[in-house]
Amino acid sequence: MDFSVVVEYFPRLLEGTWVSIQLVLLSIVLGGLFALPIALARISPVLWIRSLPFAYIFFFRGTPLLVQIFLVYYGASQFDVVRESVLWPILREPFWCAIIAFTLNTSAYTAEIFRGAIQAIPPGEVEACKVVGMSKTQMYRRVLLPRAFGIVLPAYGNEIILMLKGSALASTITILDLTGMARTIIARTYTPIEIFLAAGAIYLLISMVIIAIFRQVEKHQNRYLGSVSIKVPDKG
């Protein structure tokens, strides 16, 4: 094996890494914003309110991420109303199609994580909020959501790592993320082992950084609280 090719093309791999990081960061932020109201609707006592997020979560957790990417990227262009709309400048760009697909996918998984965290809060804490006369809005804003945030951190860190690995699928729609850049380099150099090992090492390094960050945040957030665990939704 000749690892000099890794040194030569390492700047190109870093370019792809930055694209992957942008994909993950934007998707996680947007997915988190969508996930919280979906999770709150999911635990609503009203049947029709919780049925809609249930169907949403069921679809995006039950279908492959690759299929979702293709539906957004290839499917939207089939409709004249889409091509003639103001959204077409966005939907014709592979990068934004990937962002949309990743956001929808991760919001479904994150909503389930948030729902599990809220329902994992000990009932005594909920009763204490009611005893002191808090309204439902005050209860969620001052106690339940901050408490759920501490509970959700380990599972949410895992979701971000899964999203990082899933971002490699963006290369299937011509995006030169880390995986896409690695494939382009391999097509020129015919060194798949060396380049894919280098790309894998970069993914591993990013995952280690994410784990370290979430461990520190979790330690700080839960320093006065007992541990509560929730089940992580399976992406397999």
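Residues numbered from 1 in each chain as written. Predicted model: local features only at pLDDT ≥ 70, side-chain atom pairs only at ≥ 80, totals over all residues. Heavy atoms only, no water.

**Q** Explanation requested: the packing of helix α7 (residues 123-131) against helix α8 (residues 136-166) in the structure shown.
**A** At a closest axis distance of 11 Å, the pairing of α7 and α8 adopts a crossing angle of 165 degrees. Classed by the angle they form, the pair α7 and α8 counts as roughly antiparallel. As for the relative orientation of α7 and α8, their crossing is right-handed in sense. Side by side, α7 and α8 meet where Glu125, Val126, Cys129 and Lys130 of the first sit next to Met139, Val143, Leu144 and Arg147 of the second. Across the contact of α7 with α8, the residue classes tally to five nonpolar, no polar and three charged. (Axes fitted to C-alpha atoms, helices over the stretch in contact; angles between N-to-C directions. Helix = DSSP H or I, 4+ residues; strand = E, 2+ residues; numbered from the N terminus. Parallel < 35°, antiparallel > 145°, perpendicular 65-115°, else oblique. Left-handed = near helix turned anticlockwise from the far one by under 90°. Contact = heavy atoms within 4.5 Å. Nonpolar A, V, L, I, M, F, W, Y, C, P; charged D, E, K, R; others polar.)

**Q** Any chance you could explain the pattern of salt bridges here in plain terms?
**A** Where charged atoms from two side chains of opposite charge approach closely, those side chains can pair. Scanning the model with the defined rule gives six salt bridges in all. With a closest N to O distance of 3.7 Å, Arg12 and Glu15 form a salt bridge. One end of the pair is Arg12 and the other is Glu15, both in helix α1 (residues 4-42) and three residues apart, which spans about a single turn. Between Glu112 and Arg61 there is a salt bridge; the shortest N-O distance is 3.4 Å. Note that Glu112 is positioned in helix α6 (residues 94-119) and Arg61 in helix α2 (residues 47-62), a separation of 51 residues in sequence. Taken together, the salt bridges that share partners define one network made up of Arg42, Arg61, Glu112 and Arg115. (Salt bridge = Lys/Arg side-chain N within 4 Å of Asp/Glu carboxyl O.)

**Q** Please explain the packing of aromatic side chains as it appears in this structure.
**A** The geometry of an aromatic ring pair is captured by two quantities: the separation of the ring centres and the angle between the planes. Under the definition given, this model contains eight aromatic pairs. When the ring of Phe54 is compared with that of Phe58, the centres are 6.2 Å apart and the planes differ by 20 degrees; the resulting orientation is stacked. Of this pair, Phe54 and Phe58 both sit in helix α2, four residues apart, which is roughly one turn of that helix. In this structure Phe54 comes out as partly exposed when scored by relative accessible area, which is 44%. Take Phe58: its relative accessible area is 61%, and that puts it in the exposed class. With a centroid separation of 4.8 Å and an interplanar angle of 70 degrees, the aromatic rings of Tyr73 and Tyr74 are classed as edge-to-face. Judged by relative accessible area, Tyr74 falls into the partly exposed class, the value being 43%. Counting every residue linked through ring pairs, the aromatic cluster contains Tyr56, Phe59 and Phe60. (Phe/Tyr/Trp six-rings, centres within 6.5 Å; stacked < 30°, edge-to-face > 60°. Buried < 20%, exposed > 50% of the residue type's maximum accessible area, 1.4 Å probe, protein only.)

The values are spatial; any link to function lies outside them.
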